[in-house]
Amino acid sequence: MSKRFGAVQALQGVDLALRPGEVVALVGDNGAGKSTLIKGIAGIHPFDEGETHFDGQAVAIHGPHDAAVLGIEIVYQDLALADNLDVVENMFLGRERTNRFGLLVEEDMEREAADTMTGLAVTTLSSVRQKVAGLSGGQRQTVAVGKAVMWNSKVVILDEPTAALGVAQTRQVLDLVARLGEQGLAVLLVSHNLHDVFEVADRIVVLRLGQLVGDLDASQVNQQQVVEAITAGTLTSVPDMALHATGPGLDSDDDDPGTSGEEHA
Ligand SMILES: Nc1ncnc2c1ncn2[C@@H]1O[C@H](COP(=O)(O)OP(=O)(O)OP(=O)(O)O)[C@@H](O)[C@H]1O
Ligand SMILES: [Mg+2]
């Protein structure tokens, strides 16, 4: 897959495979292209070039709906949950179940939400009728994951799911991620936290300057090797001038006002 935003080649010839039952971590420095890659897979910013195959079939993902139909679900970092609604209402938001008179079938939805949480061995929620506003960060993450897997999903993509969490909550979410893999889902986990990555990932995919510079078996590498790939992994093609302009220090911080001025011009 390749994707360009104006002068910036955000992804170049990235080849990624996700398999059932496997947790793949997607790592890379700021601006490496991780979000662009997952947004492409989910149809939010379709790729400019490339092919997507699902269950061996070539498929076209032009929008989030196409991805959802295939069973590809994303859990965003901001979670996109509605605070004023309870857990069941959040899990069915936009896909509410109604009977033939257009009335909500509350009991069915409640049972299905509760079954999903039980299936994921979630024990930290006292009731699926709790309002989301009163949940902890870890519980919210759990609801968002439950929402993603409830729709017969086959691929679940998580964007930095533990970034805002404390130690115990991180533990819960990592356990949940591992369980998704055990249940046969293909899981893609975007993370900056290599400790988390090594806890749950079977495979580690490294992006650097929009190119895939490592596809590593997590049991065969150590943190140091992954850091090396992130910071100095071998690029197969030379980034063009535009990419240099946004280049290392890619965290687009203000340490180089000259180039970042050009970059945003
Ligand atoms: N909507 C957009 N318009 C223009 N450029 C974009 C857009 N989205 C991403 N880019 C550029 O594409 C490159 C890759 O960005 P991306 O957000 O995918 O990086 P990332 O790996 O997710 O970084 P981070 O770890 O900071 O979230 C960056 O140079 C970024 O500036
Ligand atoms: Mg990102």
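The structure presented is a predicted model; accordingly, all values stated were derived computationally and were not measured.

1. Regarding the overall build of the protein
- Looking only at helices and strands, the protein features ten helices and ten strands.
- In the protein, which comprises 265 residues, the proportion classed as buried is 39%.

2. A look at the pairing of strand β6 (residues 72-75)
- Of the two faces of β6, both are covered, the one formed by Ile72 and Ile74 as well as the one formed by Glu73 and Val75.
- As judged from the four bridges shared by β6 and strand β7 (residues 155-159), these two strands associate in the parallel manner. When the sheet's bridge partners are listed, Ile74 is paired in β7 with Ile157.

3. Side note on helix α4 (residues 106-119)
- Spanning 14 residues, α4 covers 20 Å between terminal C-alpha atoms, matching the ideal 20 Å at 1.5 Å per step.
- If you follow the buried residues of α4, they end up packed against α3 (87-91) and α5 (137-149).
- Positive backbone phi, at 60 degrees, marks Ala121, one or two positions downstream of α4.

4. What about the site of ligand 1?
- Residues in contact with ligand 1 amount to twelve residues; listed here are only the nearest, Phe5, Ala10, Asn30, Ser35 and Thr36.
- Counting residues per element, the ones that place at least two in the shell around ligand 1 are β2 (8-11) and α1 (34-41).
- Among the elements that make up the shell around ligand 1, the one with the highest residue count is α1 (three residues).
- For the shell around ligand 1, the class distribution of residues is four nonpolar, seven polar and one charged.

5. Things to note about the sheet that holds strand β8 (residues 186-190)
- The strand order across the open sheet formed by six strands is β6-β7-β8-β3-β9-β10, and the pairing between neighbours is mixed. Two strands bound the open sheet, and with one partner strand each, they are β6 and β10 (211-217). Looking at each pair of strands side by side, their axes are set apart by 20 degrees on average, direction ignored.
- As paired strands, strand β3 (residues 23-27) and β8 are joined by four bridges and run parallel to one another. Bridge assignment links Ala25 to a residue of β8, and that residue is Leu189.
- Against the sheet, α1 makes contact with β3, β6, β7, β8 and β9 (203-208), and its axis sits at roughly 150 degrees relative to β7, the strand it touches most.

6. Description of the nonpolar core
- Counting residues in each nonpolar core, the largest one holds 67 residues, and the members touching the most others are Leu26, Val156, Val177, Val187 and Leu189.
- If near-sequence neighbours (up to four positions away) are discounted, Leu26 is found in contact with Lys34, Leu37, Leu188, Leu189, Val190, Val205 and Leu207.

7. As for the packing of α5 against helix α6 (residues 167-182)
- Two elements in contact, α5 and α6, have axes whose closest approach is 8 Å; the angle formed by their N-to-C orientations is 15 degrees. The orientation of α5 relative to α6 falls into the category roughly parallel. The two elements α5 and α6 cross, and the hand of that crossing is right-handed. Every residue of α6 that contacts α5 at Gly137, Gly138, Gln141, Thr142, Val145 and Val149 is listed here: Gln169, Gln172, Val173, Leu176 and Leu180.

8. A closer look at the confidence of the model for the protein
- A residue-level look at the protein finds 89% of positions with pLDDT of 70 or above and a mean pLDDT of 85.
- Within the protein, the element-level pLDDT minimum falls on helix α10 (residues 257-264), averaging 43, and the maximum on β3, averaging 98.
- Predicted confidence for residues 242-265 stays below pLDDT 50, and this span has 26 contacts to residues more than four positions away or in other chains.

9. Structural notes on the pairing of β2
- Pairing geometry for strand β1 (residues 3-5) and β2, over three bridges, is antiparallel. Residue Arg4 lies in a different strand from β2, and its bridge partner there is Gln9.
- Where β1 folds back on β2, the antiparallel hairpin that results is connected by two residues, among which Gly6 adopts a positive phi of roughly 55 degrees.

Criteria and cut-off values
- Residues numbered from 1 in each chain as written.
- Chains lettered and ligands numbered in written order.
- Predicted model: local features only at pLDDT ≥ 70, side-chain atom pairs only at ≥ 80, totals over all residues.
- Helix = DSSP H or I, 4+ residues; strand = E, 2+ residues; numbered from the N terminus.
- Buried ≥ 20, exposed ≤ 12 C-beta atoms within 10 Å, placed from the backbone.
- Pairing = 2+ DSSP bridges.
- Expected span 1.5 Å × (residues − 1).
- Contact = placed C-beta atoms within 7 Å.
- Near = placed C-beta within 6 Å.
- Nonpolar A, V, L, I, M, F, W, Y, C, P; charged D, E, K, R; others polar.
- Axes fitted to C-alpha atoms, helices over the stretch in contact; angles between N-to-C directions.
- Core = buried A, V, L, I, M, F, W, Y, C linked by C-beta atoms within 7 Å.
- Parallel < 35°, antiparallel > 145°, perpendicular 65-115°, else oblique.
- Left-handed = near helix turned anticlockwise from the far one by under 90°.
- pLDDT = per-residue confidence, 0-100.

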